[in-house]
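A closer look at the structure
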There are 2 protein chains.
Amino acid sequence: MALIVQKFGGSSVADAERVNNVANRIVETAQLGNRVVVVVSAQGDTTDELIEKANEINPNASKREMDMLLSSGEQISIALLAMAIEKLNYPVISLTGWQAGFRTNATSGNARIDKIDVERIQSELDKRNIVIVAGFQGLNRYDDITTLGRGGSDTSAVALAAALQADKCEIYTDVDGVYTADPRIVPDAIKLDEITYDEMLELASLGANVLHNRSVEMAKKYNVKLEVKSSFRKVPGTIVKEVTNVEKMLIRGVTRDNDVARIAIIGVEDTPGIAFKVFSALAKEGVNVDMILQSIGHGGTKDIVFTVTKNNLTRTLAIIEGLKDSMHYQEVNHRDDLSKVSIVGAGMVNNPGVAARMFEALFAADINIHMISTSEIKVSVLINVNNAERAVKVIHDQFRV
Amino acid sequence: MALIVQKFGGSSVADAERVNNVANRIVETAQLGNRVVVVVSAQGDTTDELIEKANEINPNASKREMDMLLSSGEQISIALLAMAIEKLNYPVISLTGWQAGFRTNATSGNARIDKIDVERIQSELDKRNIVIVAGFQGLNRYDDITTLGRGGSDTSAVALAAALQADKCEIYTDVDGVYTADPRIVPDAIKLDEITYDEMLELASLGANVLHNRSVEMAKKYNVKLEVKSSFRKVPGTIVKEVTNVEKMLIRGVTRDNDVARIAIIGVEDTPGIAFKVFSALAKEGVNVDMILQSIGHGGTKDIVFTVTKNNLTRTLAIIEGLKDSMHYQEVNHRDDLSKVSIVGAGMVNNPGVAARMFEALFAADINIHMISTSEIKVSVLINVNNAERAVKVIHDQFRV
């Protein structure tokens with residue numbers, strides 16, 4: 001008898017009809033003889049509506065009270081989903097995050113799961129109950145409710161699968177699985193049957209919007225077998241695991257990410273410790289830097305170019321301005337009309353020609369590259385945003401079998 | 001430094017503006033040097049909206065899951081109210097029922113408070129926090145969330161005041177206090193400065209709609225000083241306590257209750273144990289009987305007449321029908337076009353003429369009395385419903401100073 005953890009997002013339970021659909025999917029899994037634990041998010045727009053209510057009263061509310069407020073959203077959805085399963089005459093029980101044993105650190109609004117005390121869930125499974133658990137939430141050591149931040153319900157599901165040593169963790173989403181490119185841009189994009197954790201991590205952080213990074217990292221750490229599949233269509237999804245079969249395509253996916261701002265510090269005095277000064281100042285302020293390029297020094301100066309997300313642009317410029325006295329540079333400029341297009345695939349580490357084939361496709365399409373960054377399983381380029389969709393298409397074509 | 005428990009109902013926190021008003025009231029109390037614990041209900045129609053959501057999915061949902069669902073309503077209102085107080089720069093913390101230590105029995109949907117572990121609240125008060133507590137809810141011994149049923153938030157507030165040995169429990173409502181009659185019917189009704197627990201109990205159960213009976217019973221048991229006052233207007237309310245000063249009026253109030261159905265069992269065989277048979281059968285089915293009248297037997301038969309609430313009428317008639325074989329009666333009839341009008345006052349026990357003055361007023365107004373019931377501090381009559389408002393007026397006039 002297998003133990004399966006299933007996770008359904010907010011859009012999968014947005015209204016009564018969808019809640020009933022999800023209940024059917026869950027009961028079908030149970031009827032196959034599986035024990036089932038389900039992690040569910042707040043319904044559709046509930047979280048946004050609650051945030052709006054809070055903003056109307058106090059836009060600067062404490063994170064502790066925001067967590068108290070927002071965690072009610074999942075409490076509503078677990079109760080409704082349990083009621084839908086009761087109607088199908090299957091034994092079921094809903095549990096809030098704290099009832100399910102989720103213990104977190106004290107970082108309200110963005111808590112980390114410290115451990116899960118699974119006694120209650122185990123005892124409910126022993127009573128043959130389907131167990132419905134509120135995602136996104138836990139309890140800190142002061143007995144205050146916390147939320148896990150973005151992608152929290154994915155993380156709840158994977159952590160639970162790890163703690164329960166589940167046979168599989170199924171993540172139900174709006175899409176059928178992980179594709180080689182966004183099917184809305186590249187209609188003949190291919191759905192992958194399998195993908196490694198590392199490839200999925202690169203795809204997730206590159207904006208593929210399927211699984212949140214934290215959940216993939218946790219799945220890799222605890223070797224949880226993930227499957228990304230559709231809440232609406234009954235077709236096989238994409239399995240995420242440690243080692244995958246060799247597939248036909250050299251790369252696993254082409255992605256683009258338009259949330260990119262590039263800052264260039266021009267004419268920096270060429271002395272040791274400059275990069276440290278810039279990036280430690282940014283890190284101290286919590287600004288994540290993505291791509292970094294430092295030109296070779298000539299004439300006693302060099303240029304430092306890097307990218308951040310757009311919401312960090314203003315803050316980053318202010319921080320650099322504040323460094324003016326201590327580091328000496330000629331000027332700072334920035335652009336926010338760029339896109340980062342990337343290819344990902346574990347196979348490319350053994351295929352030195354992969355990056356060249358990507359550049360070739362862009363050259364043939366007359367698309368200029370502003371910046372390049374590579375890792376063992378990824379190549380990213382920065383190009384003008386109005387070329388981004390075309391770039392995804394021509395690169396996908398280039399690598400198609 | 002006094003400790004005050006304040007309770008605000010759903011309409012007092014129905015929207016952002018009202019939440020802000022309530023926050024101001026609370027902070028004003030704190031600024032006078034009081035420690036303040038606040039019990040709050042779910043906002044306005046939240047509970048009804050959640051019930052609707054549940055009915056759409058499963059009209060026969062378990063009470064356990066209904067409690068899980070409904071308790072989210074107060075969780076939302078405590079967070080929002082805490083945020084409004086944060087904006088006023090006062091230290092504040094919100095606590096759910098289980099965080100506040102409310103332990104109940106296992107009767108989902110209508111749980112009884114077994115005890116309150118006040119450690120958490122005490123420690124928050126010691127940190128100078130205003131403490132906002134979710135009313136209407138607690139936790140049973142299986143660590144499942146329960147709700148207290150109708151009037152639950154009043155009961156939460158009184159129980160908390162008792163457990164904390166608070167100096168006062170203020171119940172904020174839509175009205176200024178307890179009146180000698182419904183001011184919408186009797187414009188010159190008088191607001192009472194004080195009333196005893198027993199008088200309040202009779203008024204509450206007679207449909208005065210100010211305080212729920214369970215909360216008054218608990219206040220009497222633990223000698224909690226209650227004050228009923230307006231959430232909107234800053235005027236003194238009505239104090240409910242053990243012994244009150246003598247007031248000018250002989251009675252404390254005139255009430256009417258239209259939720260009355262009268263059943264008459266005519267021509268019952270005059271043998272011992274008949275009343276027992278009828279009323280134990282009703283009690284077994286959970287039907288509460290209010291007024292009871294049994295005629296003196298003549299000709300070997302007697303009549304049994306009693307009243308129930310209208311929603312119990314059909315069930316009651318079915319139960320009586322089921323007794324037909326074992327008790328022998330000629331016929332059963334019923335009326336649901338009646339009203340119960342009552343006068344309440346601790347003073348009447350020493351004033352034998354009180355009931356007579358009430359009957360005189362009704363006679364003068366040509367209002368026929370169908371049934372009479374009396375207790376030490378109350379006289380109730382059953383009359384035609386279309387006479388009810390007029391009856392309240394003429395009785396109130398009769399007793400006015």
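On a predicted model such as this, the values are computed, not experimentally measured, just so you know.

Rules used in this analysis
Residues numbered from 1 in each chain as written. Chains lettered and ligands numbered in written order. Predicted model: local features only at pLDDT ≥ 70, side-chain atom pairs only at ≥ 80, totals over all residues. Heavy atoms only, no water. Helix = DSSP H or I, 4+ residues; strand = E, 2+ residues; numbered from the N terminus. Rg over C-alpha atoms; globule rule 2.2 N^0.38 Å. Buried < 20%, exposed > 50% of the residue type's maximum accessible area, 1.4 Å probe, protein only. Contact = heavy atoms within 4.5 Å. Areas by Shrake-Rupley, 256 points an atom, 1.4 Å probe, with all protein chains shown as cover. Lys, Arg positive; Asp, Glu negative; His and termini not counted. Charge placed at Lys NZ, Arg CZ, Asp CG, Glu CD. Buried area = accessible area lost by both parts, 1.4 Å probe. Salt bridge = Lys/Arg side-chain N within 4 Å of Asp/Glu carboxyl O. Polar contact = N/O pair within 3.5 Å; in protein donor to acceptor, adjacent residues only side chain to side chain. Nonpolar A, V, L, I, M, F, W, Y, C, P; charged D, E, K, R; others polar. Phe/Tyr/Trp six-rings, centres within 6.5 Å; stacked < 30°, edge-to-face > 60°. UniProt positions renumbered as here; feature names shortened; annotations may be inferred. 1 Å grid on protein atoms, 1.4 Å probe; cavity = no way out; pocket = protein on both sides within 12 Å on 5 of 7 lines; lining within 4 Å. Points joined across faces, edges and corners; volume = space filled by probe spheres on them.

Overview of the overall build of chain A
The helix and strand inventory of chain A stands at twelve helices and 20 strands. Here the C-alpha radius of gyration of chain A, 23 Å, is about what a compact globule of 401 residues would show, namely 21 Å. Principal-axis analysis of the C-alpha atoms gives chain A an extent of 75 × 55 × 35 Å. Each of the 401 residues in chain A was classed as buried or not, and the buried ones make up 55%. Put simply, 74% of the contacts in chain A that link residues at least 6 apart link residues at least 24 apart. In the structure as shown, chain A presents an accessible area of about 17,400 Å², 47% of it carried by carbon and sulfur atoms. Of the side-chain charges in chain A, 44 are positive and 52 negative, and the distance between the mean point of each set is 3 Å.

Some words on the interface of chain A and chain B
Taken together, the contacts link 42 residues of chain A with 42 residues of chain B. Buried surface at the junction of chain A and chain B, summed over both partners, amounts to about 3,300 Å²; 60% is from carbon and sulfur atoms. Applying the counting rule to chain A against chain B returns two salt bridges. For Arg120(B), the salt bridge is made with Asp144(A), and the minimal N-O distance between the two is 2.6 Å. On inspection of chain A and its partner chain B, the count reaches 22 residue pairs in polar contact (both at pLDDT 80 or more). Examining the composition of the side of chain A that touches chain B, we find that 17 residues originate from one element, helix H3 (residues 63-87) of chain A, more than from any other. Along the lines of polarity and charge, the residues of the side of chain A that touches chain B split into 23 nonpolar, ten polar and nine charged.

Quick word on the packing of aromatic side chains
All chains considered together, the criterion is met by five aromatic pairs over all chains. Between Trp98(A) and Trp98(B), the ring centres sit 4.0 Å apart and the planes meet at 35°, which makes this aromatic pair tilted. With Trp98(A) in the loop between strand S3 (92-95) and strand S4 (102-104) and Trp98(B) in the loop between strand S3 (92-95) and strand S4 (102-104), this residue pair bridges two chains. The exposure classification of Trp98(A) matches that of Trp98(B), with both residues buried.

Quick word on the UniProt feature "binding site: substrate" (unreviewed entry) in chain A
Residue and element names in this part refer to chain A. Look at the UniProt record and you will see "binding site: substrate" (unreviewed entry) annotated at Thr 47 and Glu 74. Across 28 residues of sequence, these annotated residues stay compact in space, with a maximum C-alpha separation of 8.9 Å. Within the secondary structure, Thr 47 is located in helix H2 (residues 46-57). In this structure Thr 47 comes out as partly exposed when scored by relative accessible area, which is 23%. In contact with Thr 47, not counting residues within four places along its chain, are Ala 42 and Leu 70. Along the chain, the position of Glu 74 falls in helix H3. Those residues in contact with Glu 74 that sit more than four places away from it in its chain are Val 40, Ser 41, Ala 42, Ala 134, Gly 135, Phe 136 and Gln 137.

Some details on empty space enclosed by the protein
Applying the stated criterion across every chain, the model contains one cavity of 30 Å³ or more. Together, Ser71(A), Gln75(A), Thr96(A), Trp98(A), Gln137(A), Ile145(A), Ser71(B), Gln75(B), Thr96(B), Trp98(B), Gln137(B) and Ile145(B) line the largest cavity. Classifying every residue of the lining of the largest cavity gives four nonpolar, eight polar and no charged.

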